[in-house]
Amino acid sequence: MKRIIIILCSILAIVVLTYGLLTALSSQNDLRVELTQREIGVLPLVDQKVMVEIVPGLRFKFDTGSDISTITEADLERLREMGMSVEKKFYPVMGRDGDGKTRICFDRYTVSIPLYDYHFVADSVSGAVRAVAHKATRNVVEGVDFAPSQTGYSVLGIDFIQKFKVAYDYMNGVLRLYNDIPEGYEPFNRLYYSRSLADALWLGRRYYMDMRVNGEMMNFFCDTGIRVAMVKMSPESLPKSSAGFPVDTIVTMVESYPALKNDSEWMEIGSRGGNVIVYYYDNDEERFAFNPLNLFEQDCMIDFAGGEVYLRRYFDVLRQTPPLVSSVEIVD
């Protein structure tokens, strides 16, 4: 019996090691940027800050909760029309997609993605904001790996996102990608990734930040795929005084979840504290999660590789909710 257990454990170890070696060879390792001496590019946020529209008609879900990046046939064709490189490869891929479902596939696309710098034009009547870029500002990120999408939309997953320093430009409602931390940002709190054996199998890491809610310290998963909520907690964590919490519904790209909402939970992050909006619901994923694009009402920077979250100071902080980008334009 002991010999059988040893043999089974050896086989399992070989399978895990083989898979790890295979996926390590194609985890955005060939990603490279054409122009590196400036900001790499801007990603206008649309659709409740869940999607980014890279160019008109080319949208990706920006999802740190997705282990893998995926792309639809329609978006592949859009890139081909723009003259971008699209190469199909045979390669095993396994990981959670933008719907939180574990995918196993053997096809993979390596493509080039154009990124631009934008300026913003606000309509004085409606408040709608147009993001306008000139073709001369184009940069190109080459060697970006995607699995075929089975969700009906494309995703920039954490395997891609963690390669950059990601700044959230709060007042313009866009994301900015960098190779280095720009001036003006100050360290705020540490970010760390899961080192469990199960999570080590995925192409992208699972990132967490320690935060204290109502006096209890917990580790919260960094998930930009959460809609609306600043913070998500499990129903088991409801305080005893939750009888008066309003009932709400969280609508995701997969389904709807009944939730209880408290807009005055006290949260402490490092040496800072304040009230946040917490939604209590169960979606069979992480029990505790936060969306930095909803949580921070000022510019923030996330350095995944360096394990640090930064904030940028304001002398006259505008705390109103900034308008979302309503349209994206590229002009000559």
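Residues numbered from 1 in each chain as written. Predicted model: local features only at pLDDT ≥ 70, side-chain atom pairs only at ≥ 80, totals over all residues. Heavy atoms only, no water.

Describing the packing of aromatic side chains
Part 1 of the reasoning: Summed over all chains, the structure comprises twelve aromatic pairs.
Part 2 of the reasoning: On the numbers, 6.2 Å between centres and 70° between planes, the contact of Tyr-193 with Tyr-207 is edge-to-face. Within this pair, whereas Tyr-193 is found in strand S15 (residues 192-193), its partner Tyr-207 is found in strand S16 (residues 207-213), the two being separated by 14 residues in sequence.
Part 3 of the reasoning: For the pair Tyr-208 and Phe-221, a centre-to-centre distance of 5.4 Å together with 50° between the ring planes defines the contact as tilted. Here the residue Tyr-208 occupies a position in strand S16, and Phe-221 occupies one in strand S17 (residues 216-222), the gap between them amounting to 13 residues. (Phe/Tyr/Trp six-rings, centres within 6.5 Å; stacked < 30°, edge-to-face > 60°. Helix = DSSP H or I, 4+ residues; strand = E, 2+ residues; numbered from the N terminus.)

Things to note about the environment of Thr-151
Part 1 of the reasoning: Relative to the helices and strands, Thr-151 is located in the loop between strand S10 (139-148) and strand S11 (154-156).
Part 2 of the reasoning: In this structure the C-alpha to C-alpha distance between Thr-151 and Val-254, which are 103 residues apart in sequence, comes to 9.0 Å.
Part 3 of the reasoning: Separated by 3.2 Å, the side chains of Thr-151 and Ser-149 make a polar contact.
Part 4 of the reasoning: Within polar-contact distance, the side chain of Thr-151 engages the backbone oxygen of Tyr-153 at 3.1 Å. (Polar contact = N/O pair within 3.5 Å; in protein donor to acceptor, adjacent residues only side chain to side chain.)

Some thoughts on a negative patch on the surface
Part 1 of the reasoning: On the surface, Glu-236, Glu-255, Asp-282, Asp-284 and Glu-285 cluster together into a patch of negative charge.
Part 2 of the reasoning: Structurally, the position occupied by Glu-255 is in the loop between strand S19 (247-251) and strand S20 (256-269). (Patch = residues over 30% accessible without salt bridge, like charges linked within 9 Å, V, L, I, M, F, W, Y side chains within 5 Å. Areas by Shrake-Rupley, 256 points an atom, 1.4 Å probe, with all protein chains shown as cover. Salt bridge = Lys/Arg side-chain N within 4 Å of Asp/Glu carboxyl O. Lys, Arg positive; Asp, Glu negative; His and termini not counted. Charge placed at Lys NZ, Arg CZ, Asp CG, Glu CD.)

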